[in-house]
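Residue-level structure breakdown
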Amino acid sequence: MKTILTSRRSFMVGATALLAAPAILTRTRAYAATPKLKVGHVSPRTGPLAGFAEADDYILSAISKRFAEGIENNGKRWQVEIISKDSQSNPNRAAEVASELILKEEVDIIVAASTPDTVNPVSDQAEVNQVPCVTTDCPWQPYFFGRGGKPDKGFESTYHFFWGLEDVIAAFLAMWDGAGTGKSVAGLFPNDADGNAWGDPALGLPKPLAAAGYTLTDPGRYQPMSDDFTNQINAFKKAGCEIVTGNMIPPDFGTFWSQAAQQGFKPKIVTIGKALLFPSVIKGLGTRGIGLSSEVWWSPSHPFKSSLTGISSADLAGGYTKETGRPWTQPIGFKHALFEVVANVVSRTQDLEDHPAIVKAIAETDMKTIVGPVNWSKGPVKNVSKTPLVAGQWQKEGDGVALKIVTNKPAPEIPVTGQLQLLG
Amino acid sequence: MPDTKLHVSRTTRLSTISMTLMFVVVLVLACAPWWASRADIRLFGEISLYIALASLWNLLAGYAGLVSVGQQAYVGLGGYVFFGLTLLAGLNPIAALLIAPLIGVVVAAPVAVLIFRLRGAYFAIGTWVVSEVFRLTAAQVSALGGGSGISLPVSVVNALAQGRFLREALAYWLALGVAVLVTAAVFFLLRSRRGVALMAIRDNELAAKSLGIDIWVTKFVVYLVTAGLTTLVGALIFLQKLRVSPDAAFSSNDWTAFVIFIVVIGGVGTIEGPIIGTLIYFALRETLADLGTIYLIALGIVAIVIMLKAPSGVWGLIRGRRGLELFPISRRIRGLD
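About the criteria used
Residues numbered from 1 in each chain as written. Chains lettered and ligands numbered in written order. Predicted model: local features only at pLDDT ≥ 70, side-chain atom pairs only at ≥ 80, totals over all residues. Heavy atoms only, no water. Helix = DSSP H or I, 4+ residues; strand = E, 2+ residues; numbered from the N terminus. Rg over C-alpha atoms; globule rule 2.2 N^0.38 Å. Buried < 20%, exposed > 50% of the residue type's maximum accessible area, 1.4 Å probe, protein only. Contact = heavy atoms within 4.5 Å. Areas by Shrake-Rupley, 256 points an atom, 1.4 Å probe, with all protein chains shown as cover. Lys, Arg positive; Asp, Glu negative; His and termini not counted. Charge placed at Lys NZ, Arg CZ, Asp CG, Glu CD. Buried area = accessible area lost by both parts, 1.4 Å probe. Salt bridge = Lys/Arg side-chain N within 4 Å of Asp/Glu carboxyl O. Expected span 1.5 Å × (residues − 1). pLDDT = per-residue confidence, 0-100. Patch = residues over 30% accessible without salt bridge, like charges linked within 9 Å, V, L, I, M, F, W, Y side chains within 5 Å. Core = buried A, V, L, I, M, F, W, Y, C linked by side-chain atoms within 4.5 Å. Domains from an automatic or database assignment. Phe/Tyr/Trp six-rings, centres within 6.5 Å; stacked < 30°, edge-to-face > 60°. Polar contact = N/O pair within 3.5 Å; in protein donor to acceptor, adjacent residues only side chain to side chain.

Moving on, we get to the overall build of chain B. Secondary structure summary: chain B contains 16 helices and four strands in total. For 337 residues, the compact-globule estimate of 2.2 N^0.38 gives 20 Å, and the C-alpha radius of gyration of chain B, at 21 Å, lies within 12% of that figure. Taken along the three principal axes of its C-alpha coordinates, chain B extends 70 × 50 × 40 Å. When each of the 337 residues of chain B is scored for burial, the buried share is 55%.

Another aspect to go through is the overall build of chain A. Scanning chain A from N- to C-terminus turns up 14 helices and 16 strands. By the compact-globule yardstick of 22 Å for 424 residues, chain A fits well, its C-alpha radius of gyration being 24 Å. With the C-alpha coordinates of chain A rotated into their principal frame, the extents come out at 80 × 65 × 45 Å. The buried share of chain A, taken over its 424 residues, is 58%. Within chain A, contacts between residues separated by at least 24 positions form 69% of all contacts whose residues are at least 6 apart in sequence. Here chain A has roughly 16600 Å² of accessible surface; of this, 54% comes from carbon and sulfur atoms. Separation of charge centres in chain A, based on 41 positive and 41 negative side chains, amounts to 2 Å.

This part is about the interface of chain B and chain A. Facing 57 residues of chain B, the contacting portion of chain A comprises 38 residues. For the pair chain B and chain A, the summed buried area comes to about 3900 Å², and 56% of that belongs to carbon and sulfur atoms. For the chain B face of the interface with chain A, the top three residues by lost area are Arg42(B), Lys241(B) and Arg243(B), together amounting to 13%. Ionic pairing is found between Asp124(A) and Arg243(B), a salt bridge with its closest N-O pair at 4.0 Å.

Taking 1.5 Å per residue, 13 residues should reach 18 Å; helix H3 (residues 91-103) of chain A reaches 18 Å between its end C-alpha atoms and fits that length. Across the 13 residues that make up H3(A), a large majority, 13, are buried.

Here we come to the confidence of the model for chain A. Residues and elements named next belong to chain A. Averaged over all residues, the pLDDT of chain A is 89; the fraction at 70 or higher stands at 92%. Between the elements of chain A, mean pLDDT differs from a low of 50, seen in helix H1 (residues 2-25), to a high of 97, seen in strand E5 (residues 133-136). In the model, residues 1-6 has pLDDT below 50 throughout and makes three contacts with residues more than four positions away in sequence or in other chains.

Our focus in this paragraph is the pattern of salt bridges. Within the structure shown, the criterion is met by 29 salt bridges over all chains. The residue Glu242(A) makes a salt bridge to Lys268(A) at a minimum N-O spacing of 3.2 Å. A residue pair is termed long-range when its members are at least 10 positions apart, and Glu242(A) in the loop between helix H9 (230-238) and strand E9 (243-247) and Lys268(A) in the loop between helix H10 (250-262) and strand E10 (269-273) qualify at 26 residues. Across the salt bridge formed by Arg202(B) and Asp203(B), the nearest N and O atoms sit 3.2 Å from each other. Residues joined by salt bridges that share partners form a network here, namely Arg45(A), Asp56(A), Asp57(A) and Lys335(A).

Below, the discussion takes up a nonpolar patch on the surface. Residues Leu91(B), Ile94(B), Leu98(B) and Ile99(B) make up a contiguous nonpolar surface patch of about 300 Å² in total accessible area. Relative to the assigned elements, Ile94(B) resides in helix H5 (residues 93-115).

Glancing now at the nonpolar core. Phe67(A), Phe161(A), Trp176(A), Phe253(A) and Phe256(A) are the most contacted members of the largest nonpolar core, which has 101 residues in total. Looking at which element gives the most residues to this core, the answer is helix H13 (residues 331-348) of chain A, with 10 residues. Counting contributing residues per domain, this core is built from domain 1 (32-163 + 301-385) and domain 2 (166-296 + 391-407) of chain A, each supplying no fewer than three. Excluding anything up to four places from it in sequence, Phe67(A) contacts Gln79(A), Val80(A), Ile82(A), Leu308(A), Phe339(A), Val342(A) and Ala343(A). Residues Leu152(B), Val156(B), Leu189(B) and Leu190(B) belong to the second largest nonpolar core, which totals 95 residues.

Now for the packing of aromatic side chains. Residues and elements named next belong to chain A. Under the counting rule described, the total for this entry stands at 46 aromatic pairs over all chains. When the centroid spacing of 5.1 Å and the interplanar angle of 85° are considered together, the rings of Phe52 and Phe278 count as edge-to-face. With a gap of 226 residues between them, Phe52 in the loop between strand E1 (36-43) and helix H2 (56-68) and Phe278 in the loop between E10 and helix H11 (279-284) connect regions that are remote in the sequence. Aromatic pair Tyr159 and Trp376: ring centres 5.6 Å apart, planes at 75°, arrangement edge-to-face. One end of the pair, Tyr159, is in strand E6 (residues 158-161); the other, Trp376, is in the loop between strand E13 (372-375) and strand E14 (384-385), with 217 residues separating them in the sequence. Each member of the pair, Tyr159 together with Trp376, is buried.

All right, on to the domain arrangement of chain A then. Residues and elements named next belong to chain A. As far as domains go, chain A holds domain 1 (32-163 + 301-385) and domain 2 (166-296 + 391-407). The centre of domain 1, based on its C-alpha atoms, is set 29 Å off from the matching centre of domain 2. Contacts between the two partners involve 16 residues from domain 1, matched on the other side by 15 residues from domain 2. Taken together, both faces of the contact between domain 1 and domain 2 bury some 1400 Å²; the carbon and sulfur share is 71%. Linking domain 1 to domain 2 there are zero salt bridges. Here domain 1 and domain 2 share three residue pairs in polar contact (both at pLDDT 80 or more) between them. Ranked by residues supplied to the side of domain 1 that touches domain 2, first place goes to helix H5 (residues 140-144) with three residues.

Okay, here's the thing in structure tokens:
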């Protein structure tokens, strides 16, 4: 009988301790003598979107080193601490870690990057809790309209910088213009946040393509992770499409592209958003990866430098390759720029203890970052600032492939590094 | 006469103490908005919702023998119904929460008729297929964002209650209330006539049938009750997440895999198991989640070790052969000694 009593008691003690543990563990926010600002950072470190965050360690270690020196605000040095959380490429988890950062870590600014699946849930949590929020690395339409934004009203605490669909369209059209192909375009849009925005008849690709004299064959939204594109390929063949465009995830593009080869569909230009950003994906496609084209948001040849560390685009990309042995990727520049904006905002805020004051400073931002100018007063809609966009093609270079910028018409300050070659 | 002392009772000293203690714990937790921080309240709310989900899955799999791997169908349905009722129909969030479980039951009835034709592993796969059908259907509802998903506007969240404190407290009380409601529902169901039938089915379906238990009807009722309550939990989950999209709402990882993990490590086929499992899961998550992939590997190892060393879960270990019960369910004969 006694043993039962003790085991029950110890169980009860254990259970109570387990219940109470979070309450005790979270009450440890210490207020240091030197004022400290907390910045929460959410990115997809693991899961299918991990490629977007593969440079996080490289970027964050350099930024943290700079932040440790402190940022000057109203004559006082503020220490800035970055608390990074993994969204596991899962929007549910992204919302959860964002609320954890806001409520538990009590961060003063929250930042997030990479695709609507990360950016939107984090921004939603920040908006409800009125915490200043800056995001990037997601076209602004899925960010703005995907969160139910109204262009005249906008959002209160959440700000975003990146390019939009109109820029992608302009860059793609500039690249195709004068390439000497037919004007029949095949469109591949999945039923997801990006695909719905790109394929939207009013706000997406269809309208401007028609205005520029192209005819678009859009067989409708396909379900992501499809394993059969036969219907689409037949429709494209029937319409005599010579250009393929759209927004896909890498596995879907791989499926489509191998089936296109099997079924004898041979377009002259293939320009796909999102799927063709990473060198690893192109490598995986083998020789059929060479000649594919994509939007270019940032590259080592972008003529910009960091406002925070003074490092140039070429050095930032080169440093990553040197440290990890991996080729540079486009999100590197934007991840760095995200913290440039944070530092800039921290230095200008009237009163860093006051969240509305931080939001006001974000809204008044006017700066040049490693990805181009950021200024929220010039946005296409409230809360959005646009960065320059060009288009490029994966071309053979030595043993590997390199992304060459083949058109700079939408942003002439970015130099062209190659010429568009038609697919064989 | 000596045998007058003999009587049958459900309560034991332990269960009386534990029930009283649980009552006190619930009361203390109900007052959490006044003594805990905002982050803790949010965490307690999430724990409550997972206790509810786990208890419901346990009722389905542990008692009725309906091993469903598609309960995310109803969690997602709850999210979409809640967003639809508040955003499109303009209902007050509370009214939407009251209607959500009813819709869950209405949707579940034809689904049950369909998938009850399948047995064992086929049933499990059938439930998964159903949830995939739900997910693909949700992706076609363009009024709710289609495949892109949609955010809950701040105005809807603010319609819940005046002021931030009351809003967060109310969301928490709803979550805690649902956990208590679900646990109480399972408790009283198991003590009822139907519960005895359920436990008979759990132990041996053929024997139960030969005793005259209508297995189909019993399972049907359990499936509907579970679906309705899971829909309600889903609505509350997405009130917290503020954003619903097909992949997030019908995520088999978040709403079924983790729930099965919780029930298995806690102890399947007991009321206590899901509660203990949830506490263990959250203790692991709160301490290890920042380690990235290692966290998921750790969860896997815990699950494997428990399945190999203690197939009846942590509560099964504690209960041992003595048959301890925190919730008085089974009858015992008293007065033998």
